[in-house]
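Okay, here's what each chain looks like letter by letter:
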Amino acid sequence: TEELLRNSDKLAIIGQLAASIAHEIRNPLTSLKGFLQFFYSNGDELSRNYYELMLSEVERINLIVSEFLLLAKPQSSNFKETEINELFNHLLALVDSQAIMENVELSLEIDEEIPKIYGDSNQLKQVFLNYIKNAIEACSTGGQIDISVSTKLDMVEIKIKDNGSGIKEDHLNKIGTPFFTTKEKGTGLGLMISERIISNHKGTVRFESKEGLGTTVTIHIPYQKKA
Ligand code: ADP
Ligand code: MG
C-alpha cells in the first residue's frame, strides 16, 4: 500500500505539472508547425524529406502533450449521473470508422436497465476509447472485438475482449506505467491515464492476456455511489 500511495502522489504531481506546462508547450509548437509547413511547401525534394520528418516529430510532441493535458484535468471536474448505454452508443459511433478501416469487427452487447453511475462522461468516454483503440491496434485484419456491459453486484462491468496479439507475460506488469509502449508511434500514457480516471470513479481495471490469443480488459465501476 505504501508503494501505491507513493504512486498516487507521483501522479498528482505529474498532473499539476502537466497542467501548467502543456499549454506553454502547445503555443510555440503551433508556430513551429506553421513555419515547417511553409518550408515544406517551398523546399526541394531533399529538404522536403527532412521537413516531413520534423513535422511528424512535432506531431508526436503534440500527441504527448494532449495526453498529458488529459491527465491534468481537475479531479471530479464534471461528475454527474451518467447513462452508460448512451455513452457506449455514442462511443461506438466514434470508433466504428476506425474499426472498418482496420478491418476489425466490433460487437457491443449492453444489458437493458444498467443503473446510472456517478461520473464524468467525457473522461469515461476517453477511457473506453483508449481501451478500444488499444484493442483495435492489437488486432490484425480480421480481428474481432467484443464489448459487453452488464452489472455485477453493485458494479457496472465492462468487458473489452479482443483476439489480437495479446501481451507478453513479462510485459503484463509494465503496462500502465508511464511511457511503456510496444508501438512505434505509441505514447505509453493511455493506460496510465485511464487507470487514474477509473480510480477517481472508485472503479478497478483488470487485464487478462495470452500472447498470440488476445486480451480481455475488465472494468468495474460502482453505481449509485457518489465518488
Ligand atoms: P500506447 O497505446 O500508446 O502504446 P497504452 O498505455 O495505451 O500506450 O498501452 C501500453 C501498451 O500496453 C501498448 O503499447 C501495448 O503493448 C499494451 N497493450 C495495451 N492494450 C493492449 C491490447 N488490447 N492488446 C495487446 N497489447 C495491449
Ligand atoms: Mg493506447
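Keep in mind the model is a prediction, meaning the values are calculated, not measured.

**So, the overall build of the chain**
(1) Moving on: Of the regular secondary structure elements, the chain holds 5 helices and 7 strands.
(2) Moving on: Going from the N terminus to the C terminus, the chain shows its helices and strands as α-α-β-α-β-β-α-β-β-α-β-β.
(3) Moving on: Within the chain, buried positions represent 22% of all 227 residues.
(4) Moving on: Long-range contacts, defined as pairs at least 24 residues apart, comprise 69% of the intrachain contacts of the chain with a sequence gap of at least 6.

**Overview of the sheet that holds strand β7 (residues 214–222)**
(1) Moving on: Strand order in the open sheet made by the 5 strands is β2-β4-β5-β7-β6, with mixed pairing throughout. With partners counted over all chains shown, the strands left at the sheet margins are β2 (105–110) and β6 (204–210), one partner each. Across this sheet, the average inter-strand angle for adjacent strands is 15 degrees, counted without regard to direction.
(2) Moving on: Looking at chain direction, β6 and β7 are connected through 7 bridges and run antiparallel. Considered in β7, the bridge of valine 205 is made with isoleucine 219.
(3) Moving on: This element, helix α3 (residues 84–101), spans β2, β4 (144–152) and β5 (155–162) of the sheet and lies at about 175 degrees to β2.

**Considering the site of ligand 1**
(1) Moving on: Around ligand 1, the structure places 21 residues, and the nearest of them are Ala138, Thr181, Gly186, Gly190 and Leu191.
(2) Moving on: Looking at the shell around ligand 1, the elements that each hand over two or more residues are α4 (121–138) and α5 (190–200).
(3) Moving on: Top contributing element to the shell around ligand 1 by residue count: α4, with 4 residues.
(4) Moving on: Residue classes in the shell around ligand 1 are distributed as 7 nonpolar, 12 polar and 2 charged.

**What to know about unusual backbone geometry**
(1) Moving on: Although it is not a glycine, leucine 153 adopts a positive phi angle of roughly 50 degrees.
(2) Moving on: With respect to the element layout, leucine 153 can be found in the loop between β4 and β5.
(3) Moving on: Given 7 C-beta atoms within 10 Å, leucine 153 falls into the exposed group.

**Points about the nonpolar core**
(1) Moving on: Counting residues in each nonpolar core, the largest one holds 29 residues, and the members touching the most others are Ala135 and Ile145.
(2) Moving on: Only α3, α4, β4, β5, α5 and β7 provide two or more residues apiece to this core.
(3) Moving on: No other element matches α4, which puts 8 residues into this core.
(4) Moving on: Isoleucine 145 has contacts with Val104, Glu105, Leu106, Ile132, Ala135, Ile136, Cys139, Ile160, Lys161 and Asp162, leaving out every residue within four places of it along the chain.

**Description of the confidence of the model for the chain**
(1) Moving on: Of all residues in the chain, 89% have pLDDT values of 70 or greater, and the mean over the chain is 87.
(2) Moving on: We note a pTM of 0.78 for the whole complex and an ipTM of 0.99 for its interfaces.

**A look at the packing of α4 against α5**
(1) Moving on: Put simply, α4 and α5 touch, their axes get as near as 9 Å, and they point 140 degrees apart. It follows that α4 is oblique to α5 by the angle criterion. Classified by chirality, the crossing of α5 by α4 is left-handed. Packed against α4, whose contacting residues are Gln123, Val127, Asn130, Tyr131 and Asn134, the element α5 presents Gly190, Ser194, Ile197 and Ile198 at the interface.
(2) Moving on: Residue composition of the contact of α4 with α5, grouped by class: 4 nonpolar, 5 polar and no charged.

**Re the packing of α3 against α4**
(1) Moving on: The contact between α3 and α4 brings their axes to 10 Å, and the two run at 35 degrees. Crossing angle aside, the handedness with which α3 passes α4 is right-handed. The residues of α4 that touch α3, namely those facing Leu87, His90, Leu91, Leu94, Val95, Gln98 and Ala99, are Ser121, Leu124, Lys125, Phe128, Leu129, Ile132 and Ile136.
(2) Moving on: Partitioned by chemical class, the residues of the contact of α3 with α4 number 10 nonpolar, 3 polar and 1 charged.

**Examining the environment of asparagine 122**
(1) Moving on: Mapped onto the elements of the fold, asparagine 122 is located in helix α4.
(2) Moving on: Take asparagine 122: there are 15 C-beta atoms within 10 Å of it, and that puts it in the partly exposed class.
(3) Moving on: Along the sequence, asparagine 122 and asparagine 78 sit 44 residues apart, while their C-alpha atoms lie 8.4 Å from each other.

Conventions we followed
- Residues numbered from 1 in each chain as written.
- Chains lettered and ligands numbered in written order.
- Predicted model: local features only at pLDDT ≥ 70, side-chain atom pairs only at ≥ 80, totals over all residues.
- Helix = DSSP H or I, 4+ residues; strand = E, 2+ residues; numbered from the N terminus.
- Buried ≥ 20, exposed ≤ 12 C-beta atoms within 10 Å, placed from the backbone.
- Contact = placed C-beta atoms within 7 Å.
- Pairing = 2+ DSSP bridges.
- Axes fitted to C-alpha atoms, helices over the stretch in contact; angles between N-to-C directions.
- Near = placed C-beta within 6 Å.
- Nonpolar A, V, L, I, M, F, W, Y, C, P; charged D, E, K, R; others polar.
- Core = buried A, V, L, I, M, F, W, Y, C linked by C-beta atoms within 7 Å.
- pLDDT = per-residue confidence, 0-100.
- Parallel < 35°, antiparallel > 145°, perpendicular 65-115°, else oblique.
- Left-handed = near helix turned anticlockwise from the far one by under 90°.

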